[in-house]
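Residue-level structural notes
Residues per chain are reported as follows:
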Amino acid sequence: MQLAEGIQAISNSLPPRDAARADQASGFIGRAAFIERLRDAMGAARRAGDRIAVFVVDLDRFRLVNERWGHLAGDRVLKEVALRLRRTLRGTDVLTRLGGDQFAALTPGVPGGEGAAAVARKVLDAMRAPFAIGADTFSTTASVGIALFPDHGADEHGLIRAADRALADAKRRGRDGVRLYSSALGDVRGHALDLEHDLRLGLARSELELRFQPVHDLGSGRVDSVETLVRWRHPLLGLLPPDRFIPMAEETGLVRSLGERVLEGACAQLALWRAEGLPLAGVSVNLSARDFERPDFVEFVTDTLARHALPPDALEIEVTEHSLFEDPDAAARAVALGEYGVKLSIDDFGTKYASLAYLQRLPVNTIKVDRSFVRDIGYSSSSDSIVAAVIALARGMGLRLIAEGVEEIDQVRSLRRLGCHVMQGFLFSRPLAADDAYRYLARRAG
Ligand code: C2E
Ligand code: MG
Ligand code: MG
(Lines give C-alpha, C1' and ligand atoms only; values in the text may rest on other atoms or scores of the structure.)
(Ligands and ions follow the chains in the order given, each with its own letter.)
Protein backbone atom coordinates (compact mmCIF):
# COMPACT_ATOMS: atom_id res chain seq x y z
CA MET A 1 0.00 0.00 0.00
CA GLN A 2 2.81 2.37 0.94
CA LEU A 3 4.65 1.52 -2.23
CA ALA A 4 1.50 2.16 -4.24
CA GLU A 5 1.07 5.51 -2.57
CA GLY A 6 4.66 6.38 -3.28
CA ILE A 7 4.31 5.56 -6.94
CA GLN A 8 1.09 7.50 -7.06
CA ALA A 9 2.68 10.61 -5.60
CA ILE A 10 5.45 10.50 -8.16
CA SER A 11 3.54 9.54 -11.25
CA ASN A 12 0.05 10.83 -10.49
CA SER A 13 -1.34 7.50 -11.59
CA LEU A 14 -4.84 6.80 -10.39
CA PRO A 15 -5.29 5.87 -6.76
CA PRO A 16 -8.04 3.27 -6.22
CA ARG A 17 -10.63 5.73 -4.93
CA ASP A 18 -10.31 7.80 -8.10
CA ALA A 19 -10.19 5.02 -10.63
CA ALA A 20 -13.92 4.59 -10.91
CA ARG A 21 -14.28 8.24 -11.66
CA ALA A 22 -11.56 8.51 -14.30
CA ASP A 23 -12.38 10.33 -17.50
CA GLN A 24 -12.51 8.03 -20.52
CA ALA A 25 -11.22 10.43 -23.13
CA SER A 26 -8.16 11.70 -21.26
CA GLY A 27 -7.42 8.97 -18.74
CA PHE A 28 -7.21 11.71 -16.10
CA ILE A 29 -9.00 11.60 -12.76
CA GLY A 30 -12.56 12.94 -12.71
CA ARG A 31 -13.62 16.40 -11.65
CA ALA A 32 -14.77 15.44 -8.17
CA ALA A 33 -11.49 13.68 -7.49
CA PHE A 34 -9.62 16.71 -8.79
CA ILE A 35 -11.47 18.94 -6.32
CA GLU A 36 -10.47 16.57 -3.51
CA ARG A 37 -6.84 16.70 -4.59
CA LEU A 38 -6.97 20.44 -4.79
CA ARG A 39 -8.36 20.63 -1.28
CA ASP A 40 -5.57 18.36 0.01
CA ALA A 41 -2.92 20.35 -1.85
CA MET A 42 -4.26 23.60 -0.42
CA GLY A 43 -4.03 22.20 3.09
CA ALA A 44 -0.43 21.14 2.49
CA ALA A 45 0.46 24.49 0.90
CA ARG A 46 -1.09 26.37 3.81
CA ARG A 47 1.02 24.43 6.28
CA ALA A 48 4.21 24.85 4.25
CA GLY A 49 3.57 28.46 3.25
CA ASP A 50 3.69 27.45 -0.42
CA ARG A 51 1.83 28.57 -3.49
CA ILE A 52 -0.32 26.50 -5.82
CA ALA A 53 -1.31 27.39 -9.36
CA VAL A 54 -4.55 26.21 -10.94
CA PHE A 55 -4.60 26.31 -14.73
CA VAL A 56 -7.68 26.02 -16.88
CA VAL A 57 -6.78 25.20 -20.47
CA ASP A 58 -9.16 25.47 -23.39
CA LEU A 59 -8.44 24.47 -26.94
CA ASP A 60 -9.40 27.12 -29.48
CA ARG A 61 -11.59 26.04 -32.37
CA PHE A 62 -11.98 22.47 -31.12
CA ARG A 63 -15.59 22.40 -32.23
CA LEU A 64 -14.28 22.39 -35.79
CA VAL A 65 -12.70 18.95 -35.30
CA ASN A 66 -15.99 17.37 -34.30
CA GLU A 67 -17.81 19.13 -37.09
CA ARG A 68 -15.37 18.29 -39.85
CA TRP A 69 -14.05 14.87 -38.87
CA GLY A 70 -16.62 13.56 -36.41
CA HIS A 71 -16.61 12.70 -32.72
CA LEU A 72 -14.21 9.77 -32.95
CA ALA A 73 -11.57 12.09 -34.36
CA GLY A 74 -12.49 14.60 -31.67
CA ASP A 75 -11.87 12.01 -28.98
CA ARG A 76 -8.51 11.14 -30.50
CA VAL A 77 -7.45 14.79 -30.49
CA LEU A 78 -8.50 15.06 -26.84
CA LYS A 79 -6.35 12.02 -26.02
CA GLU A 80 -3.41 13.67 -27.75
CA VAL A 81 -4.04 16.94 -25.89
CA ALA A 82 -4.06 14.99 -22.63
CA LEU A 83 -0.77 13.33 -23.57
CA ARG A 84 0.86 16.64 -24.39
CA LEU A 85 -0.32 18.17 -21.14
CA ARG A 86 1.01 15.20 -19.22
CA ARG A 87 4.38 15.53 -20.94
CA THR A 88 4.61 19.29 -20.44
CA LEU A 89 3.76 19.27 -16.75
CA ARG A 90 5.59 17.63 -13.88
CA GLY A 91 4.71 14.17 -12.61
CA THR A 92 3.38 15.61 -9.36
CA ASP A 93 0.99 17.99 -11.12
CA VAL A 94 -2.62 16.81 -11.11
CA LEU A 95 -4.73 16.91 -14.26
CA THR A 96 -8.40 16.55 -15.04
CA ARG A 97 -10.75 17.19 -17.90
CA LEU A 98 -13.42 19.68 -16.92
CA GLY A 99 -15.62 18.86 -19.87
CA GLY A 100 -15.53 19.25 -23.64
CA ASP A 101 -12.09 20.47 -24.63
CA GLN A 102 -11.30 22.02 -21.28
CA PHE A 103 -8.69 20.73 -18.92
CA ALA A 104 -7.50 21.83 -15.52
CA ALA A 105 -4.14 21.33 -13.90
CA LEU A 106 -2.99 21.92 -10.38
CA THR A 107 0.69 22.50 -9.81
CA PRO A 108 2.00 22.80 -6.27
CA GLY A 109 5.06 24.82 -5.33
CA VAL A 110 5.00 27.57 -7.97
CA PRO A 111 6.99 30.66 -7.00
CA GLY A 112 4.41 33.20 -8.21
CA GLY A 113 2.51 34.64 -11.17
CA GLU A 114 5.55 34.86 -13.45
CA GLY A 115 6.54 31.26 -12.84
CA ALA A 116 2.98 30.09 -13.41
CA ALA A 117 2.72 32.09 -16.64
CA ALA A 118 5.94 30.47 -17.88
CA VAL A 119 4.41 27.03 -17.31
CA ALA A 120 1.25 28.15 -19.14
CA ARG A 121 3.29 29.32 -22.11
CA LYS A 122 4.91 25.90 -22.31
CA VAL A 123 1.40 24.46 -22.48
CA LEU A 124 0.50 26.83 -25.32
CA ASP A 125 3.67 25.82 -27.20
CA ALA A 126 2.84 22.15 -26.77
CA MET A 127 -0.61 22.67 -28.34
CA ARG A 128 0.75 24.43 -31.40
CA ALA A 129 2.14 21.30 -33.07
CA PRO A 130 -0.40 19.99 -35.61
CA PHE A 131 -2.67 17.11 -34.61
CA ALA A 132 -2.79 14.21 -37.04
CA ILE A 133 -6.31 13.12 -38.03
CA GLY A 134 -6.00 10.25 -40.47
CA ALA A 135 -4.28 11.73 -43.51
CA ASP A 136 -5.24 15.29 -42.46
CA THR A 137 -3.75 17.55 -39.87
CA PHE A 138 -5.46 20.04 -37.63
CA SER A 139 -3.61 23.03 -36.20
CA THR A 140 -4.89 25.04 -33.32
CA THR A 141 -3.95 27.21 -30.41
CA ALA A 142 -5.08 27.18 -26.80
CA SER A 143 -5.94 29.69 -24.09
CA VAL A 144 -5.03 29.42 -20.44
CA GLY A 145 -6.43 31.05 -17.30
CA ILE A 146 -4.41 30.91 -14.09
CA ALA A 147 -5.29 31.45 -10.45
CA LEU A 148 -2.91 31.20 -7.52
CA PHE A 149 -3.49 29.95 -4.01
CA PRO A 150 -3.59 31.66 -1.57
CA ASP A 151 -3.61 34.89 -3.60
CA HIS A 152 -6.81 34.46 -5.63
CA GLY A 153 -9.09 32.20 -3.64
CA ALA A 154 -9.42 30.78 -0.18
CA ASP A 155 -11.26 27.60 -1.12
CA GLU A 156 -11.12 25.17 -4.00
CA HIS A 157 -14.27 26.49 -5.68
CA GLY A 158 -13.15 30.10 -5.38
CA LEU A 159 -9.84 29.19 -6.96
CA ILE A 160 -11.42 27.39 -9.91
CA ARG A 161 -13.84 30.30 -10.32
CA ALA A 162 -10.90 32.69 -10.49
CA ALA A 163 -9.06 30.55 -13.07
CA ASP A 164 -12.28 30.28 -15.08
CA ARG A 165 -12.71 34.05 -15.09
CA ALA A 166 -9.09 34.50 -16.16
CA LEU A 167 -9.69 32.05 -19.02
CA ALA A 168 -12.85 33.89 -20.06
CA ASP A 169 -10.78 37.07 -20.17
CA ALA A 170 -8.00 35.40 -22.19
CA LYS A 171 -10.58 34.27 -24.75
CA ARG A 172 -12.13 37.70 -24.89
CA ARG A 173 -8.77 39.23 -25.72
CA GLY A 174 -8.26 36.89 -28.62
CA ARG A 175 -6.94 33.36 -28.56
CA ASP A 176 -3.53 31.86 -27.94
CA GLY A 177 -3.11 33.79 -24.71
CA VAL A 178 -2.41 33.39 -21.01
CA ARG A 179 -4.19 35.40 -18.31
CA LEU A 180 -3.48 35.47 -14.63
CA TYR A 181 -6.51 36.21 -12.46
CA SER A 182 -6.63 39.70 -11.03
CA SER A 183 -9.25 41.20 -8.77
CA ALA A 184 -10.14 43.61 -11.56
CA LEU A 185 -11.73 40.60 -13.26
CA GLY A 186 -13.84 40.03 -10.16
CA ASP A 187 -16.88 41.51 -11.75
CA VAL A 188 -16.50 39.83 -15.10
CA ARG A 189 -19.72 37.91 -15.54
CA GLY A 190 -18.46 35.74 -18.33
CA HIS A 191 -17.60 32.09 -17.94
CA ALA A 192 -15.30 30.05 -20.07
CA LEU A 193 -16.65 26.84 -18.60
CA ASP A 194 -19.50 25.31 -20.49
CA LEU A 195 -22.19 26.26 -18.00
CA GLU A 196 -24.98 25.31 -20.36
CA HIS A 197 -23.73 21.74 -20.54
CA ASP A 198 -23.19 21.71 -16.78
CA LEU A 199 -26.65 23.09 -16.04
CA ARG A 200 -28.24 20.41 -18.19
CA LEU A 201 -26.46 17.81 -16.07
CA GLY A 202 -27.02 19.79 -12.89
CA LEU A 203 -30.78 19.79 -13.39
CA ALA A 204 -30.74 16.02 -13.73
CA ARG A 205 -28.46 15.67 -10.72
CA SER A 206 -30.55 17.95 -8.52
CA GLU A 207 -27.81 20.51 -8.00
CA LEU A 208 -30.33 23.32 -7.55
CA GLU A 209 -30.96 24.52 -4.01
CA LEU A 210 -33.68 26.77 -2.73
CA ARG A 211 -33.45 29.61 -0.26
CA PHE A 212 -36.40 31.39 1.31
CA GLN A 213 -36.51 35.04 2.28
CA PRO A 214 -39.24 36.11 4.71
CA VAL A 215 -41.56 38.95 3.73
CA HIS A 216 -42.60 41.03 6.74
CA ASP A 217 -45.87 42.87 7.05
CA LEU A 218 -45.15 45.54 9.64
CA GLY A 219 -48.81 46.46 9.69
CA SER A 220 -49.94 43.09 11.04
CA GLY A 221 -46.54 42.28 12.54
CA ARG A 222 -46.51 38.95 10.71
CA VAL A 223 -44.42 37.11 8.17
CA ASP A 224 -47.09 36.19 5.71
CA SER A 225 -45.02 34.79 2.91
CA VAL A 226 -41.52 33.84 1.81
CA GLU A 227 -39.83 34.40 -1.52
CA THR A 228 -38.14 31.40 -3.10
CA LEU A 229 -34.69 32.13 -4.53
CA VAL A 230 -32.68 29.56 -6.44
CA ARG A 231 -28.97 28.70 -6.09
CA TRP A 232 -26.89 26.25 -8.07
CA ARG A 233 -24.31 24.11 -6.32
CA HIS A 234 -21.93 23.75 -9.25
CA PRO A 235 -19.51 20.87 -8.73
CA LEU A 236 -16.48 22.98 -9.65
CA LEU A 237 -17.50 26.55 -9.02
CA GLY A 238 -19.37 26.12 -5.75
CA LEU A 239 -22.65 27.80 -4.86
CA LEU A 240 -23.64 30.17 -7.67
CA PRO A 241 -26.17 32.99 -7.30
CA PRO A 242 -28.94 33.18 -9.91
CA ASP A 243 -27.51 36.10 -11.85
CA ARG A 244 -24.60 33.87 -12.82
CA PHE A 245 -26.77 31.33 -14.64
CA ILE A 246 -30.34 32.61 -15.11
CA PRO A 247 -29.43 34.79 -18.14
CA MET A 248 -27.81 31.78 -19.81
CA ALA A 249 -30.75 29.57 -18.82
CA GLU A 250 -33.11 32.10 -20.40
CA GLU A 251 -31.13 32.23 -23.62
CA THR A 252 -30.94 28.47 -23.97
CA GLY A 253 -34.47 27.67 -22.87
CA LEU A 254 -33.16 25.68 -19.88
CA VAL A 255 -34.98 28.17 -17.70
CA ARG A 256 -38.16 26.15 -18.24
CA SER A 257 -36.91 23.00 -16.59
CA LEU A 258 -35.32 25.20 -13.97
CA GLY A 259 -38.64 26.92 -13.32
CA GLU A 260 -40.30 23.53 -13.07
CA ARG A 261 -37.89 22.43 -10.34
CA VAL A 262 -38.20 25.66 -8.43
CA LEU A 263 -41.98 25.67 -8.53
CA GLU A 264 -42.14 22.02 -7.52
CA GLY A 265 -39.62 22.57 -4.71
CA ALA A 266 -41.36 25.66 -3.38
CA CYS A 267 -44.79 23.99 -3.34
CA ALA A 268 -43.42 20.85 -1.69
CA GLN A 269 -41.75 22.99 0.96
CA LEU A 270 -44.84 25.07 1.64
CA ALA A 271 -47.00 21.93 1.94
CA LEU A 272 -44.51 20.48 4.42
CA TRP A 273 -44.41 23.64 6.51
CA ARG A 274 -48.17 23.79 6.59
CA ALA A 275 -48.35 20.17 7.66
CA GLU A 276 -45.93 21.05 10.44
CA GLY A 277 -48.30 23.74 11.59
CA LEU A 278 -46.59 26.91 10.38
CA PRO A 279 -49.16 29.63 9.75
CA LEU A 280 -47.58 30.67 6.47
CA ALA A 281 -50.01 32.07 3.95
CA GLY A 282 -47.93 31.49 0.86
CA VAL A 283 -44.74 31.37 -1.14
CA SER A 284 -43.63 33.33 -4.13
CA VAL A 285 -41.44 31.98 -6.90
CA ASN A 286 -39.55 33.91 -9.53
CA LEU A 287 -40.37 32.69 -13.00
CA SER A 288 -39.20 33.94 -16.31
CA ALA A 289 -41.63 35.14 -18.95
CA ARG A 290 -40.28 32.21 -20.97
CA ASP A 291 -41.87 29.79 -18.52
CA PHE A 292 -45.23 31.18 -19.56
CA GLU A 293 -44.44 30.37 -23.18
CA ARG A 294 -44.93 26.64 -22.75
CA PRO A 295 -48.40 25.76 -24.01
CA ASP A 296 -49.22 23.60 -20.99
CA PHE A 297 -48.03 26.17 -18.45
CA VAL A 298 -51.41 26.71 -16.83
CA GLU A 299 -52.02 22.96 -16.37
CA PHE A 300 -48.50 22.55 -15.12
CA VAL A 301 -48.98 25.12 -12.36
CA THR A 302 -52.44 23.96 -11.37
CA ASP A 303 -51.32 20.29 -11.34
CA THR A 304 -48.38 21.13 -9.12
CA LEU A 305 -50.63 22.95 -6.67
CA ALA A 306 -53.16 20.12 -6.68
CA ARG A 307 -50.47 17.49 -6.14
CA HIS A 308 -49.44 19.28 -2.96
CA ALA A 309 -53.05 20.02 -1.93
CA LEU A 310 -52.36 23.75 -1.91
CA PRO A 311 -55.00 26.41 -2.61
CA PRO A 312 -54.17 28.54 -5.67
CA ASP A 313 -53.79 31.71 -3.65
CA ALA A 314 -50.94 30.17 -1.68
CA LEU A 315 -48.75 30.73 -4.72
CA GLU A 316 -47.54 34.00 -6.10
CA ILE A 317 -45.52 34.12 -9.30
CA GLU A 318 -43.00 36.95 -9.60
CA VAL A 319 -42.08 38.17 -13.05
CA THR A 320 -39.61 40.99 -13.50
CA GLU A 321 -40.78 44.12 -15.17
CA HIS A 322 -38.13 43.86 -17.86
CA SER A 323 -39.08 40.35 -18.88
CA LEU A 324 -42.81 40.99 -19.06
CA PHE A 325 -44.64 39.07 -21.69
CA GLU A 326 -44.04 40.00 -25.29
CA ASP A 327 -45.86 36.89 -26.40
CA PRO A 328 -49.67 37.44 -26.24
CA ASP A 329 -50.23 33.73 -25.49
CA ALA A 330 -47.95 34.00 -22.47
CA ALA A 331 -49.93 37.00 -21.25
CA ALA A 332 -53.16 35.05 -21.79
CA ARG A 333 -51.78 32.26 -19.59
CA ALA A 334 -51.02 34.79 -16.86
CA VAL A 335 -54.64 35.94 -17.08
CA ALA A 336 -55.89 32.34 -16.93
CA LEU A 337 -53.80 31.65 -13.84
CA GLY A 338 -55.12 34.83 -12.25
CA GLU A 339 -58.67 33.64 -12.85
CA TYR A 340 -57.78 30.34 -11.25
CA GLY A 341 -56.59 32.22 -8.17
CA VAL A 342 -52.81 32.19 -8.48
CA LYS A 343 -51.27 35.57 -7.69
CA LEU A 344 -49.00 37.58 -9.93
CA SER A 345 -46.32 39.96 -8.77
CA ILE A 346 -44.30 42.47 -10.79
CA ASP A 347 -40.71 42.29 -9.60
CA ASP A 348 -38.01 44.99 -9.77
CA PHE A 349 -40.73 47.54 -10.38
CA GLY A 350 -39.54 50.89 -11.68
CA THR A 351 -36.32 49.68 -13.29
CA LYS A 352 -37.51 49.56 -16.84
CA TYR A 353 -39.23 52.17 -18.89
CA ALA A 354 -42.25 49.97 -19.25
CA SER A 355 -45.79 50.89 -20.05
CA LEU A 356 -48.05 50.91 -17.02
CA ALA A 357 -50.88 49.55 -19.13
CA TYR A 358 -49.92 46.00 -18.20
CA LEU A 359 -51.06 46.72 -14.65
CA GLN A 360 -54.54 46.90 -16.10
CA ARG A 361 -54.22 44.10 -18.62
CA LEU A 362 -52.69 41.55 -16.29
CA PRO A 363 -54.17 40.22 -13.07
CA VAL A 364 -51.45 41.79 -10.92
CA ASN A 365 -51.72 41.45 -7.14
CA THR A 366 -48.39 42.79 -5.94
CA ILE A 367 -45.68 45.15 -7.06
CA LYS A 368 -42.20 45.01 -5.62
CA VAL A 369 -40.33 48.29 -5.52
CA ASP A 370 -36.82 47.67 -6.70
CA ARG A 371 -33.92 47.66 -4.26
CA SER A 372 -32.24 50.57 -6.03
CA PHE A 373 -35.00 52.99 -4.93
CA VAL A 374 -35.13 51.59 -1.43
CA ARG A 375 -31.38 52.00 -1.10
CA ASP A 376 -31.51 55.71 -1.84
CA ILE A 377 -34.62 56.48 0.12
CA GLY A 378 -34.11 59.38 2.52
CA TYR A 379 -30.97 60.44 0.60
CA SER A 380 -32.29 61.16 -2.83
CA SER A 381 -35.42 63.22 -3.28
CA SER A 382 -36.04 61.58 -6.67
CA SER A 383 -36.01 58.09 -5.10
CA ASP A 384 -38.40 59.34 -2.42
CA SER A 385 -40.71 60.73 -5.10
CA ILE A 386 -40.59 57.53 -7.13
CA VAL A 387 -41.37 55.40 -4.08
CA ALA A 388 -44.17 57.78 -3.09
CA ALA A 389 -45.58 57.62 -6.61
CA VAL A 390 -45.43 53.82 -6.69
CA ILE A 391 -47.13 53.67 -3.30
CA ALA A 392 -49.89 55.97 -4.58
CA LEU A 393 -50.22 53.84 -7.69
CA ALA A 394 -50.46 50.63 -5.66
CA ARG A 395 -53.06 52.19 -3.35
CA GLY A 396 -55.11 53.53 -6.21
CA MET A 397 -55.19 50.15 -7.90
CA GLY A 398 -55.66 48.15 -4.73
CA LEU A 399 -52.35 46.33 -5.10
CA ARG A 400 -50.09 44.99 -2.41
CA LEU A 401 -46.74 46.73 -2.34
CA ILE A 402 -43.47 45.19 -1.14
CA ALA A 403 -40.26 47.12 -0.69
CA GLU A 404 -37.28 44.86 -1.38
CA GLY A 405 -33.69 45.14 -0.25
CA VAL A 406 -34.38 46.86 3.07
CA GLU A 407 -31.08 46.97 4.93
CA GLU A 408 -31.37 49.83 7.40
CA ILE A 409 -33.79 50.87 10.09
CA ASP A 410 -33.93 54.39 8.62
CA GLN A 411 -35.26 52.92 5.39
CA VAL A 412 -38.01 51.22 7.39
CA ARG A 413 -38.93 54.55 8.95
CA SER A 414 -38.98 56.35 5.62
CA LEU A 415 -41.01 53.59 3.97
CA ARG A 416 -43.58 53.57 6.75
CA ARG A 417 -43.84 57.33 6.66
CA LEU A 418 -44.54 57.09 2.94
CA GLY A 419 -47.15 54.41 3.58
CA CYS A 420 -45.39 51.15 2.65
CA HIS A 421 -45.61 48.49 5.36
CA VAL A 422 -44.59 45.25 3.68
CA MET A 423 -40.87 44.68 3.26
CA GLN A 424 -38.11 42.17 2.88
CA GLY A 425 -34.40 42.59 3.11
CA PHE A 426 -31.22 41.72 4.94
CA LEU A 427 -32.30 43.89 7.89
CA PHE A 428 -34.92 41.24 8.67
CA SER A 429 -33.31 38.19 7.19
CA ARG A 430 -31.11 36.97 4.38
CA PRO A 431 -32.52 34.23 2.17
CA LEU A 432 -32.44 31.11 4.37
CA ALA A 433 -32.11 27.38 3.77
CA ALA A 434 -35.36 25.50 4.49
CA ASP A 435 -34.40 24.42 8.03
CA ASP A 436 -33.33 27.90 9.05
CA ALA A 437 -36.40 29.39 7.45
CA TYR A 438 -38.56 26.98 9.47
CA ARG A 439 -36.91 28.08 12.72
CA TYR A 440 -37.25 31.74 11.77
CA LEU A 441 -40.93 31.36 10.93
CA ALA A 442 -41.72 29.18 13.95
CA ARG A 443 -40.13 31.71 16.30
CA ARG A 444 -42.26 34.50 14.91
CA ALA A 445 -45.43 32.44 14.89
CA GLY A 446 -44.97 31.37 18.52
P1 C2E B 1 -35.30 39.32 -7.03
O2 C2E B 1 -36.46 38.41 -7.30
O3 C2E B 1 -35.55 40.78 -7.10
O4 C2E B 1 -34.78 38.85 -5.64
C5 C2E B 1 -34.24 39.68 -4.68
C6 C2E B 1 -32.73 39.59 -4.67
O7 C2E B 1 -32.23 40.58 -3.77
C8 C2E B 1 -32.22 38.27 -4.17
O9 C2E B 1 -30.98 38.04 -4.80
C10 C2E B 1 -31.99 38.56 -2.70
O11 C2E B 1 -31.02 37.71 -2.10
C12 C2E B 1 -31.49 39.98 -2.76
N13 C2E B 1 -31.75 40.70 -1.53
C14 C2E B 1 -32.78 40.55 -0.67
N15 C2E B 1 -32.70 41.42 0.34
C16 C2E B 1 -31.60 42.18 0.12
C17 C2E B 1 -30.98 43.26 0.82
O18 C2E B 1 -31.42 43.72 1.87
N19 C2E B 1 -29.85 43.78 0.28
C20 C2E B 1 -29.32 43.30 -0.88
N21 C2E B 1 -28.20 43.86 -1.33
N22 C2E B 1 -29.87 42.27 -1.56
C23 C2E B 1 -31.01 41.72 -1.07
P24 C2E B 1 -30.67 36.66 -5.52
O25 C2E B 1 -31.19 35.53 -4.69
O26 C2E B 1 -29.24 36.70 -5.87
O27 C2E B 1 -31.57 36.72 -6.80
C28 C2E B 1 -31.33 37.62 -7.83
C29 C2E B 1 -32.39 37.57 -8.87
O30 C2E B 1 -32.39 36.33 -9.57
C31 C2E B 1 -33.80 37.65 -8.29
O32 C2E B 1 -34.10 38.99 -8.03
C33 C2E B 1 -34.64 37.04 -9.37
O34 C2E B 1 -34.96 37.99 -10.36
C35 C2E B 1 -33.70 36.03 -9.97
N36 C2E B 1 -34.07 34.69 -9.49
C37 C2E B 1 -33.90 34.15 -8.26
N38 C2E B 1 -34.39 32.90 -8.19
C39 C2E B 1 -34.93 32.65 -9.42
C40 C2E B 1 -35.61 31.52 -9.99
O41 C2E B 1 -35.86 30.50 -9.35
N42 C2E B 1 -36.01 31.64 -11.31
C43 C2E B 1 -35.77 32.77 -12.03
N44 C2E B 1 -36.18 32.82 -13.31
N45 C2E B 1 -35.14 33.85 -11.52
C46 C2E B 1 -34.72 33.79 -10.23
MG1 MG C 1 -38.26 38.28 -6.83
MG1 MG D 1 -36.59 42.23 -7.23
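All residue numbers here refer to positions counted from 1 along the written sequence of the relevant chain. Naming scheme: in the order in which they are written, chains are lettered from A and ligands are numbered from 1. pLDDT decides what is reported in this predicted model: residues at 70 or higher carry local features, side-chain atom pairs at 80 or more are listed and counted, and totals for whole chains, interfaces and linings draw on all residues regardless. Note that the side-chain values use all heavy atoms of the structure and ignore hydrogens as well as water.

Next up on the list: the coordination of the magnesium ion (ligand 3). The magnesium ion (ligand 3) binds to the protein through D347 (OD), D348 (OD), E404 (OE) and E404 (OE), with metal-donor distances spanning 1.9 to 2.6 Å. Between the magnesium ion (ligand 3) and the magnesium ion (ligand 2), the interatomic distance is 4.3 Å, and D347 donates to each metal, bridging them. Highlighted residues: D347 in strand β13 (residues 343-349) and E404 in the loop between β15 (400-403) and α16 (409-418), separated in sequence by 57 residues. Residue D347 shares its accessibility class with E404, and that shared class is buried. Donor atoms are limited to N, O and S found within 2.8 Å of the metal ion, a distance that becomes 3.2 Å for Na, K and Ca. With water left out, some sites might look partial. Runs of H or I in DSSP of at least four residues are treated as helices and runs of E of at least two as strands, each being numbered from the N terminus. The classification of residues rests on relative accessible area computed with a 1.4 Å probe and restricted to protein chains. Under 20% of the type maximum is buried, over 50% is exposed, and intermediate values are partly exposed.

Looking at the magnesium ion (ligand 2), one finds its protein donor set to be E227 (OE), N286 (OD1), E318 (OE) and D347 (OD), positioned 2.0 to 2.2 Å from the metal centre. For the magnesium ion (ligand 2), the single-chain donor residues occur in sequence as E-x58-N-x31-E-x28-D.

Another aspect to go through is helix α3 (residues 31-48). For α3, built from 18 residues, the straight-helix expectation of 26 Å at 1.5 Å per residue is met to within 8% by its first-to-last C-alpha distance of 25 Å. Within α3, burial applies to R31, A33, F34, I35, R37, L38, A41, M42, G43 and A45. G49 sits one or two residues past α3 and shows a positive phi near 70 degrees. Given a helix with a known number of residues, its expected span is that number minus one, times 1.5 Å.

Under the domain assignment used here, the protein contains domain 1 (2-192) and domain 2 (208-445). Contacts are assigned to residue pairs that have any heavy atoms within 4.5 Å of one another. With 10 residues of domain 1 at the contact, the number on the domain 2 side is 9 residues. Simply put, the buried area is the total loss of 1.4 Å probe accessible area from both parts when two parts are fitted together. Across the interface of domain 1 and domain 2, roughly 900 Å² is buried in total on both sides, 54% from carbon and sulfur atoms. Within 3.5 Å is the distance limit for a polar contact, defined as a pair of N or O atoms, with the added protein rule that one can donate a hydrogen and the other accept it, and that residues adjacent in sequence qualify only through two side-chain atoms. At the surface where domain 1 touches domain 2, the tally comes to 3 residue pairs in polar contact (both at pLDDT 80 or more). Domain segmentation is taken from an automatic or database assignment of domains.

On to the side chain of D198, then. With respect to the secondary-structure elements, D198 resides in helix α8 (residues 195-204). Residue class for D198 comes out buried when judged on its relative accessible area of 5%. A distance of 2.7 Å separates the side chain of D198 from the side chain of H234, its partner in a polar contact. Sequence-distant contacts of D198, that is, excluding residues within four places in its chain, are made with R31, E207, W232 and H234.

Take the packing of aromatic side chains next. Between rings of Phe, Tyr and Trp, where Trp is taken as its six-membered ring, a pair exists when centres lie within 6.5 Å; planes separated by under 30 degrees are stacked, by over 60 edge-to-face, and by other angles tilted. Scanning the model with the defined rule gives 6 aromatic pairs in all. A centroid spacing of 6.1 Å and a plane angle of 70 degrees characterise the contact between W69 and F138, whose relative ring orientation is edge-to-face. Of this pair, W69 sits in helix α4 (residues 62-69) while F138 is found in strand β5 (residues 136-138), placing the two residues 69 residues apart along the sequence. On the basis of relative accessible area, F138 is assigned to the buried category, the value being 3%. Between F212 and W273, the ring centres sit 5.0 Å apart and the planes meet at 70 degrees, which makes this aromatic pair edge-to-face. You can see F212 sitting in strand β8 (residues 208-217) and its partner W273 sitting in helix α10 (residues 255-275), a full 61 residues away along the chain. Each member of the pair, F212 together with W273, is buried. Taken together through their ring pairs, the aromatic side chains of W69, F131 and F138 make up a single cluster. The ring of Y440 has R444 lying over it, and the distance from NZ or CZ to the ring centre is 3.7 Å. Counting as a charge over the ring demands two things of the Lys NZ or Arg CZ atom: a distance within 6 Å of the ring centre and an angle within 35 degrees of the ring normal.

The next point concerns the site of ligand 1. Note on terminology: near, applied to a residue and a molecule or strand, indicates that one of the residue's heavy atoms is within 4 Å of it. In the vicinity of ligand 1 there are 23 residues, among which R231, D347, R371, E407 and F426 approach most closely. At a separation of 3.2 Å, a nitrogen atom of ligand 1 approaches a polar backbone atom of V230. The separation between an oxygen atom of ligand 1 and a polar side-chain atom of R371 is 2.8 Å. All accessibility values rest on the Shrake-Rupley procedure with a 1.4 Å probe; residue burial counts only the protein chains present in the view. Expressed as a share of its isolated accessible area of 800 Å², the protein-covered part of ligand 1 is 84%.

So, on to the packing of helix α11 (residues 297-307) against helix α12 (residues 328-340). Packed helices, taken two at a time, are described by their axes: the angle between them and the distance between them. Contact geometry of α11 with α12 gives a least axis separation of 9 Å together with a crossing angle of 30 degrees. By the angle class used here, α11 and α12 are roughly parallel. Taken as a pair, α11 and α12 cross one another with a handedness that is right-handed. Facing α11, whose interface residues are F297, V298, V301, T302 and L305, α12 presents R333, A336, L337 and Y340. Here the contact of α11 with α12 is built from residues that sort into 7 nonpolar, 1 polar and 1 charged. In this description, a line fitted to the C-alpha atoms serves as the axis of each element, helices being fitted only across the stretch in contact, and the angle between N-to-C directions of two axes falls anywhere from 0 to 180 degrees. When an angle is under 35 degrees it counts as roughly parallel; over 145 it counts as roughly antiparallel; between 65 and 115 it counts as roughly perpendicular; any other value is oblique. Handedness of each helix crossing follows the sense of rotation of the near helix against the far helix: counterclockwise by less than a right angle gives left-handed, clockwise gives right-handed. Gly is placed with the polar residues, together with every amino acid not listed as nonpolar (Ala, Val, Leu, Ile, Met, Phe, Trp, Tyr, Cys and Pro) or charged (Asp, Glu, Lys and Arg).

In this section: the sheet that holds strand β6 (residues 142-149). Two strands pair if DSSP finds at least two bridges between them. Spatial ordering of the open sheet is given by β2-β3-β1-β6-β7, a layout of 5 strands whose pairing is mixed. The sheet is open, and its two borders are formed by β2 (94-99) and β7 (178-180), each paired with just one other strand. Across this sheet, the average inter-strand angle for adjacent strands is 20 degrees, counted without regard to direction. Where strand β1 (residues 52-59) meets β6, 8 bridges bridge the pair, whose relative direction is antiparallel. Bridge pairing in β6 places D58 opposite S143.

A separate point is the pairing of β13. With 5 of 7 residues buried, β13 lies mostly within the body of the structure. Alignment of strand β12 (residues 315-320) against β13, held across 5 bridges, turns out to be parallel. Within the sheet, the bridge partner assigned to T320 lies in β13 and is D347. A right-handed crossover is one whose linking path, passing over the helix from the first strand to the second, runs clockwise when the strands point away from the viewer. Remark: the β12/α12/β13 crossover connection has right-handed handedness. Here 3 bridges tie β13 to strand β14 (residues 366-369), and the two strands are oriented parallel to one another. Bridge pairing links F349 to V369 in β14.

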